[in-house]
Amino acid sequence: MIYMDHAATTPVKPEVLEAMLPYFSTNYSNASGVYKLARFNRKAIDDARAVVADHLGARNDEIFFTSGGTEADNWAIKGVAESLKDRGNHIITTNIEHHAVLHTCQYLEKQGFKVTYLPVNQDGLITPEQVAQTITEKTILISIMYANNEIGTIMPISEIGKIASDRGVLFHTDAVQAVGQIPINVRKENIDLLSLSGHKFYGPKGTGALYIRMGLKLPSLLHGGGQERGRRAGTENVPGIVGLAKAIYLAYRGLEDKNTRVRELRDYLINGIYERIPCCKLNGHREQRLSNIVNFSFGFMDGESLLLLLDSKGIIASNGSACTASSLDPSHVLEALGLSRKRASGSIRFSLGEENTRQEVDCLLNILPSVVEKSRIISPLYEQERWN
Ligand code: PLP
């Protein structure tokens, strides 16, 4: 099996699993108890918080553990909306955010908030000027993803952070695809709120965190017990938190070398596809992108059949967002780039990981031309497009 769907999720690293295991068995106690075992687990959570904070340039008490990226996004956006509703009702985001952000904004629109969905250009980017021009005296939040999960493009986060800070507007970034792949410093980049998710960087699923800048009074999303200093209720997922911290530590260790290697594989794959397959196009900016995501539109075919054919050959890829994989709607991200519905539905995302090899990419490149051809032959789009 050749796994190339790392942007959907990554395997848990053996070292991460090893770090987590004792917290399922011997160290199972609730971290809120007063006895020794509970204090031991409390310390494990505090240590994990320090590791996560350290890798983001944050303070320990600015990190709050969550059940993943979706919860962190919901908390950040709904929290700011609720706390600043008397000051304004305008939120700025983009039209290529993950649904965890888009659907949260749509929910808030139903509550009377106004949301501007900045349109990206054909490379999948917005400019800092677009953001600056859209801010009004009613703007309370700018929420812009660090890197896109479908096409891998990286937004100009530092510049947007500077504008937000100069204009006194809070800035949240969904950094779920960026953490563990790009060095991030929340202070230097003027980020007030940042969401991350453990399972995107070889940590466990169902783990994540929200960075909340010191002094920011964000109301709780989940009410109940006093965990996470009274701001996020629910018994702490100690094994998950320990695993998340181990994973972020490992992700940033030797990052430059790993990125160089994966980037070489990515470019080898991009060039190989262009050399072997006619009528295809890379989606997203050619340079300003994560080192691991390759998204191609192959004309005259349906991406789903290509995915199934690849799967039958042992190659696992995706048609973009894991959340829309089961829906027949073409990706909102690809449509935002200006692709027609037909083109968008004939698109595939290969997302590489540090364990992928050149031999695996060669294997994919050998198989791909024939499966693309087969998908085109069985597609009604092939006949239609040929005559258009
Ligand atoms: N934001 C982005 C950019 C993502 O890629 C994802 C997951 O695919 C999420 C948010 C949601 O994260 P989680 O799966 O941890 O809820």
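Residues numbered from 1 in each chain as written. Predicted model: local features only at pLDDT ≥ 70, side-chain atom pairs only at ≥ 80, totals over all residues. Heavy atoms only, no water.

**Q** Would you take a moment to explain the pairing of strand 12 (residues 347–351) for this structure?
**A** As a general feature of sheets, a regular strand has side chains that alternate between the two faces. Counting buried residues in strand 12 gives 5 out of 5 residues, a clear majority hidden from the surface. Burial along strand 12 is two-sided: Ser-347, Arg-349 and Ser-351 facing one way and Ile-348 and Phe-350 facing the other are all buried. In this structure, strand 10 (residues 293–298) lies alongside strand 12, joined through 5 bridges in antiparallel fashion. Residue Val-294 lies in a different strand from strand 12, and its bridge partner there is Phe-350. (Buried < 20%, exposed > 50% of the residue type's maximum accessible area, 1.4 Å probe, protein only. Helix = DSSP H or I, 4+ residues; strand = E, 2+ residues; numbered from the N terminus. Pairing = 2+ DSSP bridges.)

**Q** Would you take a moment to explain the packing of aromatic side chains for this structure?
**A** Two aromatic rings are characterised by how far apart their centres lie and by the angle between their planes. Evaluated as defined, the whole model comprises 3 aromatic pairs. Considering the side-chain rings of Phe-64 and Trp-75, the 5.8 Å spacing of their centres and the 75 degrees angle between planes classify their relative orientation as edge-to-face. Of this pair, Phe-64 sits in strand 2 (residues 63–66) while Trp-75 sits in helix 3 (residues 69–84), placing them 11 residues apart in sequence. Taken as a pair, Phe-64 and Trp-75 share a single burial class, namely buried. Here the aromatic rings of Phe-296 and Phe-298 are separated by 5.8 Å at their centres, their planes lie at 20 degrees, and the arrangement is stacked. Note on Phe-296: relative accessible area 0%, which makes it buried. Accessibility expressed as a relative area gives 1% for Phe-298, which makes it buried. Among the aromatic side chains, those forming a connected cluster through ring pairs are Tyr-274, Phe-296 and Phe-298. (Phe/Tyr/Trp six-rings, centres within 6.5 Å; stacked < 30°, edge-to-face > 60°.)

**Q** Please clarify how the site of the ligand should be interpreted in this entry.
**A** Gly-69, Thr-70, Asp-174, Ser-197 and Lys-200 are the nearest of the 13 residues found near the ligand. Gly-69 has a polar backbone atom sitting 2.8 Å from an oxygen atom of the ligand. Notes on the ligand: free accessible area 390 Å², of which the protein chains cover 88%. Considering every element that reaches the shell around the ligand, the biggest residue donor is helix 3, with 3 residues. (Near = heavy atom within 4 Å. Polar contact = N/O pair within 3.5 Å; in protein donor to acceptor, adjacent residues only side chain to side chain. Areas by Shrake-Rupley, 256 points an atom, 1.4 Å probe, with all protein chains shown as cover.)

**Q** Would you explain unusual backbone geometry in this entry?
**A** In terms of backbone geometry, most residues other than glycine have negative phi values and most peptide bonds are trans. Phi is positive for Asn-190, which is not a glycine, with a value near 55 degrees. For Asn-190, the location among the structural elements is in the loop between strand 6 (170–174) and strand 7 (193–197). Assessed through its relative accessible area of 27%, Asn-190 is described here as partly exposed. At Phe-300, a position not held by glycine, the phi torsion is positive, near 65 degrees. Considering the arrangement of structural elements, one finds Phe-300 in the loop between strand 10 and helix 10 (303–312).

**Q** Is there a simple way to think about helix 4 (residues 99–110) in this case?
**A** For an α-helix, the turn length of 3.6 residues means that residues three or four places apart are oriented alike. The terminal C-alpha atoms of helix 4, which comprises 12 residues, lie 16 Å apart, in line with the 16 Å expected from a rise of 1.5 Å per residue. Residues of helix 4 that are buried make contact with helix 3, strand 3 (90–94), strand 4 (114–118), strand 5 (139–143), strand 6 and helix 11 (332–336). The positive-phi residue at the C-terminal boundary of helix 4 is Gly-112, with phi of around 105 degrees. (Expected span 1.5 Å × (residues − 1). Contact = heavy atoms within 4.5 Å.)

**Q** How should helix 3 be read in this particular structure?
**A** Compared with an ideal rise of 1.5 Å per residue, which puts 16 residues at 22 Å, helix 3 spans 22 Å between its outermost C-alpha atoms and is within 8% of the ideal. With 12 of 16 residues buried, helix 3 is to be regarded as a mostly interior element. On its buried face, helix 3 sits against strand 2, helix 4, strand 5, strand 6, strand 7 and strand 8 (208–212).

**Q** Is there a simple way to explain the packing of helix 2 (residues 36–56) against helix 8 (residues 238–252) in this structure?
**A** Angle between the axes and distance between the axes: these two values describe a pair of packed helices. For the pair helix 2 and helix 8, interaxial distance at closest approach is 9 Å and the crossing angle is 30 degrees. Regarding the angle of helix 2 to helix 8, the classification is roughly parallel. With respect to the hand of their crossing, helix 2 and helix 8 are arranged in left-handed fashion. Of the residues in helix 8, those touching helix 2 at Asn-41, Ala-44, Ile-45, Ala-48, Val-51, Val-52 and His-55 are Val-238, Ile-241, Val-242, Leu-244, Ala-245, Ile-248, Tyr-249 and Tyr-252. Along the lines of polarity and charge, the residues of the contact of helix 2 with helix 8 split into 13 nonpolar, 2 polar and no charged. (Axes fitted to C-alpha atoms, helices over the stretch in contact; angles between N-to-C directions. Parallel < 35°, antiparallel > 145°, perpendicular 65-115°, else oblique. Left-handed = near helix turned anticlockwise from the far one by under 90°. Nonpolar A, V, L, I, M, F, W, Y, C, P; charged D, E, K, R; others polar.)

**Q** What's the story with the sheet that holds strand 6 in this structure? I'm lost.
**A** Sheets are built from strands paired through backbone hydrogen bonds, the pairs being either parallel or antiparallel. Spatially, 2-8-7-6-5-3-4 is the arrangement adopted by the 7 strands of the open sheet, whose pairing is mixed. At either margin of the open sheet sits one strand with a lone partner, and together these are strand 2 and strand 4. Strand-to-strand twist in this sheet, taken as the mean axis angle between neighbours without regard to direction, amounts to 20 degrees. Strand direction decides the pairing type here: strand 7 and strand 8, joined by 5 bridges, are antiparallel. From the neighbouring strand, Leu-196 faces strand 8, where its bridge partner is Ala-209. Relative to the sheet, helix 6 (residues 157–167) contacts strand 5 and strand 6, its axis offset from that of strand 6 by approximately 160 degrees.

**Q** Before we go on, may I ask you to explain the pairing of strand 3 in this structure?
**A** With 5 of its 5 residues buried, strand 3 lies for the most part within the structure. With 5 bridges joining them, strand 3 and strand 4 adopt parallel strand pairing. Paired with Thr-93 across the two strands is Tyr-117, which belongs to strand 4. A crossover links strand 3 with its parallel partner strand 4, the connecting element being helix 4, and its sense is right-handed. Here 3 bridges tie strand 3 to strand 5, and the two strands are oriented parallel to one another. Residue pairing across strands places Ile-91 opposite Leu-141, the latter belonging to strand 5. (Right-handed = clockwise from strand over helix to strand, strands pointing away.)

**Q** Where do I start with the packing of helix 9 (residues 255–276) against helix 13 (residues 358–378) in this structure?
**A** Here helix 9 crosses helix 13 at 20 degrees, and the two axes come no closer than 10 Å. Classified by the interaxial angle, the pair formed by helix 9 and helix 13 is roughly parallel. Note that helix 9 runs across helix 13; the crossing there is right-handed. Two secondary-structure elements touch here, helix 9 through Leu-265, Tyr-268, Leu-269, Gly-272, Ile-273 and Arg-276 and helix 13 through Arg-358, Val-361, Asp-362, Leu-364, Leu-365, Leu-368 and Pro-369. Split by residue class, the contact of helix 9 with helix 13 holds 9 nonpolar, 1 polar and 3 charged.

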